[in-house]
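# Notes for the structure review
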Amino acid sequence: MEDLDIIEKALKNLEATEASEEKASNFESLYKNWGKSGSQEERRKQLLENQKGQRKNKIDNFRGILDLVNAVEESKLFKPYKKVPYRPNIYVSGFHKTCLTYSNVLMLSEWMIEKPNDFATNWYVLPCPKGIRLLVVANHGTTKFYTKRGQFKFECNTGLPGGNPYNCYRRNCCVLDCFYNEKNNTVYLIDMLAWNNQPMTDGETEFRQYWMKTQLEDFPDTKTINKKNKVIIKLLPMMPCTSQFLSFLLSTYPQFEDNNPPLDGLLFYHKRAHYVAGETPLVGWLYPYMIPEVLGEDITMHPGYMSEKPDNYVNQAEFIKQFEEKLSKRYRRFTQNTEMETESNNEIVTSGGSQLEGTKEIKNQESIETQDIELDIEEKSDDK
């Protein structure tokens, strides 16, 4: 009975935190309260305190991501274009929604609108290449890649644990967060949710990065194209957010060899953050040309990054406002088109077109997936 009370209390705390995050992620609310109560700094502190509380409650919040993988991958209902409902028994590091699939599993950033008080001591920066943000699931001898909305992207062998049928780790599982650049067929790893059947979501950023780097060295097949590995897998560098390190990072242009891929932006991680699903102020996002405005003028930057600033750029606040408005319009248009396609499908079925129903449904799902990926690329909603 006592355990149930503890779990119920933790769930209530989580719901309160989520409500706060949803409110904060709204652009108008975010800027209305800029510098006042509900600021990013205060919400960061609250989230870090909540992490401590969850640890003290001793709830088993480790198994969530692996339970989810088992539920999706082993379900007889699973198809590449179809989502599978899943409901874990208890709160699991953010993976707790009633009908959770691989949608909303990735940890996403907020715009970093203010420099954190502990920026130099407790934050890391990670350069992000242009590409599609994907969830990597290597499990029982194959590797599948999903968009942040849970749509199946592609499948192939990789040298990751559980990622191919040719080695002794084929029965294992690992789940990773990455960017995928199709042009150079490279997966750029940025974070880890599980490794070799061990969940990592409850570990802090500092530990997850250390573990991913050291463990990946034991799997050299990931570095070349071969029978066991069909995509190049690289780990993106993560370094402290001191002025010296940031200057070192941003004085190099282009960031990646031959500018392939180009640098898209910078992710900032609090070193004590656990891996949670959805947006969190413990991860921030900036385009390089926003650095002087938000983080200060003392960071040395190559002129090439500042030349990428849009011609109509006024300041960060105005840019985000226009960005959110544009994104909102496109999603409304996308939703309307989807509704029209659904109504059209219903008319075909009603008029005796049952033979076409299955084909129409698949095409509709594929259309949604294609538009979903295009929106990810065009709007940078993958990184943000």
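Residues numbered from 1 in each chain as written. Predicted model: local features only at pLDDT ≥ 70, side-chain atom pairs only at ≥ 80, totals over all residues. Heavy atoms only, no water.

## Side note on unusual backbone geometry
Look at the link from Tyr253 to Pro254: it is a cis peptide, with omega at 0°. Here Pro254 is to be found in the loop between helix H7 (243-250) and strand E11 (263-270). Residue Asn260 is joined to Pro261 through a cis peptide bond whose omega torsion reads 5°. You can see Pro261 is positioned in the loop between H7 and E11. Positive phi is not limited to glycine here, since Asn259 has a value of about 55°. Along the chain, the position of Asn259 falls in the loop between H7 and E11. Of the residues examined, Asn259 reaches a relative accessible area of 33% and is grouped as partly exposed. (Helix = DSSP H or I, 4+ residues; strand = E, 2+ residues; numbered from the N terminus. Buried < 20%, exposed > 50% of the residue type's maximum accessible area, 1.4 Å probe, protein only.)

## Observations regarding the confidence of the model for the protein chain
Across the protein chain, pLDDT averages 78, with 69% of residues at or above 70. Confidence drops under pLDDT 50 across residues 10-37; counting only partners more than four residues distant or on other chains, this segment forms 33 contacts. In the model, residues 348-382 has pLDDT below 50 throughout and makes 54 contacts with residues more than four positions away in sequence or in other chains. (pLDDT = per-residue confidence, 0-100. Contact = heavy atoms within 4.5 Å.)

## Remarks on the packing of aromatic side chains
Each aromatic ring pair is characterised by the separation of its centres together with the angle its planes make. Taken as a whole and assessed by the stated rule, the structure comprises 21 aromatic pairs. With centroids separated by 6.5 Å and ring planes inclined at 40°, the aromatic side chains of Phe119 and Trp123 adopt a geometry described as tilted. On the numbers, 5.6 Å between centres and 80° between planes, the contact of Trp195 with Phe219 is edge-to-face. Taken as a pair, Trp195 in strand E7 (residues 186-195) and Phe219 in the loop between helix H6 (205-216) and strand E9 (232-235) lie far apart in primary sequence, 24 residues in all. The residues Trp195 and Phe219 share a single accessibility class, namely buried. Among the aromatic residues, ring-to-ring pairing joins Trp111, Trp285, Tyr287, Tyr289, Tyr313, Phe319 and Phe323 into one connected group. It is Arg133 that lies over the ring of Phe179; its NZ or CZ is 5.6 Å from the centre. Its end group placed over the ring of Tyr166, Lys227 keeps NZ or CZ at 4.5 Å from the ring centre. (Phe/Tyr/Trp six-rings, centres within 6.5 Å; stacked < 30°, edge-to-face > 60°. Lys NZ or Arg CZ within 6 Å of the ring centre and 35° of its normal.)

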